[in-house]
Amino acid sequence: MKPGLCLVGLVLMLCVVFEPSAAQDVAFVGVNVVPMDRNGVLNNQTVVVRDGRIAVVGAAGSARVPDGALRVDGRGKYLMPGLGEMHGHIPAPLEPREFTEAVLFLYVANGVTTVRGMQGAPGQLDLRERAKKGELLAPNLYLAGPAFSGKTIKSADEAIQRVRHQKAEGWDLLKVLPGLARSHYDAMARTAKEVEIGFAGHVPADVGLLHAIHSGQET
């Protein structure tokens, strides 16, 4: 169960979350589309979503709704792709469960359907798996592991070991914080490339922007 589009009314914004069968298409009919590749609004459209992706956008009078599709009446509403939060802070597992679930719900309720978590903490991978299984209302989560910083990494060997450990645990990327020595950063970057995991975050002063770019830091 993954939210991927936002259906917006005049007063209430509601992220549309469906759990159709694996092969079932979803068709938003008569909706006003807010596209991401141009200014303006496309009025009275039919949007077909197939396998979690937008497959068709066309005038409601001409775009065909596939047989067996789940129809959503979009008249008077506005539809747009879900938003992405690229530097989110997901609550740590030590926070109360109700607080964590409220934060994840508020992302979805406000149209954010993808979050890149940049404040990794042990135990968050379980939260990501629960979200994938639809056990809680949450955006798609891509999580960085506990950070690489001057406080957490004291040697190149520590950097290498942490990269390998986080890759093995299943984190989506590595998080860089200030204070990381350049030699430790380089060890992290080389190992990240070797095991095929990205890294992003802050640029340590000892590293510098150009060196971070040349080393492959994503953002």
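A brief look at the structure comes next. Not measured: the values here are computed from a predicted model.

**What about the environment of Arg50?**
Here is step 1: If you trace the backbone, Arg50 turns up in strand β4 (residues 42–50).
Here is step 2: Each C-alpha atom, one on Arg50 and one on Ala27, is 8.9 Å from the other, the two residues being 23 residues apart in sequence.
Here is step 3: Once residues lying within four places of it in the same chain are set aside, the contact partners of Arg50 are Asp25, Ala55 and Pro66.
Here is step 4: Here Asp25 takes part through its side chain, which lies 3.3 Å from a polar atom of the side chain of Arg50.

**Examining the sheet that holds strand β10 (residues 140–143)**
Here is step 1: Within the open sheet, the 3 strands sit side by side as β8-β9-β10. Their pairing is parallel. For this open sheet the edge positions go to β8 (83–88) and β10, each flanked by a neighbour on one side alone. On average, each strand axis in the sheet is inclined to that of its neighbour by 15°, with strand direction left out of account.
Here is step 2: Sheet topology note: the strand β9 (residues 112–117)/β10 ladder contains 4 bridges and is parallel. Looking across to β10, one finds that Arg116 is bridged to Tyr142.

**Let's talk about the pairing of β9**
Here is step 1: Along β9, 5 of the 6 residues are buried, which leaves the element largely enclosed by surrounding structure.
Here is step 2: Inspection of the sheet shows β8 paired to β9 by 4 bridges, in the parallel sense. The residue of β9 that forms the bridge with Gly88 is Gly117.
Here is step 3: As a crossover connection, the stretch from β8 through helix α1 (residues 97–109) into β9 is right-handed.
Here is step 4: Between the parallel pair β9 and β10, the chain is carried across by helix α2 (residues 124–132), and the sense of this crossover is right-handed.

What counts, and at which threshold
Residues numbered from 1 in each chain as written. Predicted model: local features only at pLDDT ≥ 70, side-chain atom pairs only at ≥ 80, totals over all residues. Heavy atoms only, no water. Helix = DSSP H or I, 4+ residues; strand = E, 2+ residues; numbered from the N terminus. Contact = heavy atoms within 4.5 Å. Polar contact = N/O pair within 3.5 Å; in protein donor to acceptor, adjacent residues only side chain to side chain. Pairing = 2+ DSSP bridges. Axes fitted to C-alpha atoms, helices over the stretch in contact; angles between N-to-C directions. Buried < 20%, exposed > 50% of the residue type's maximum accessible area, 1.4 Å probe, protein only. Right-handed = clockwise from strand over helix to strand, strands pointing away.

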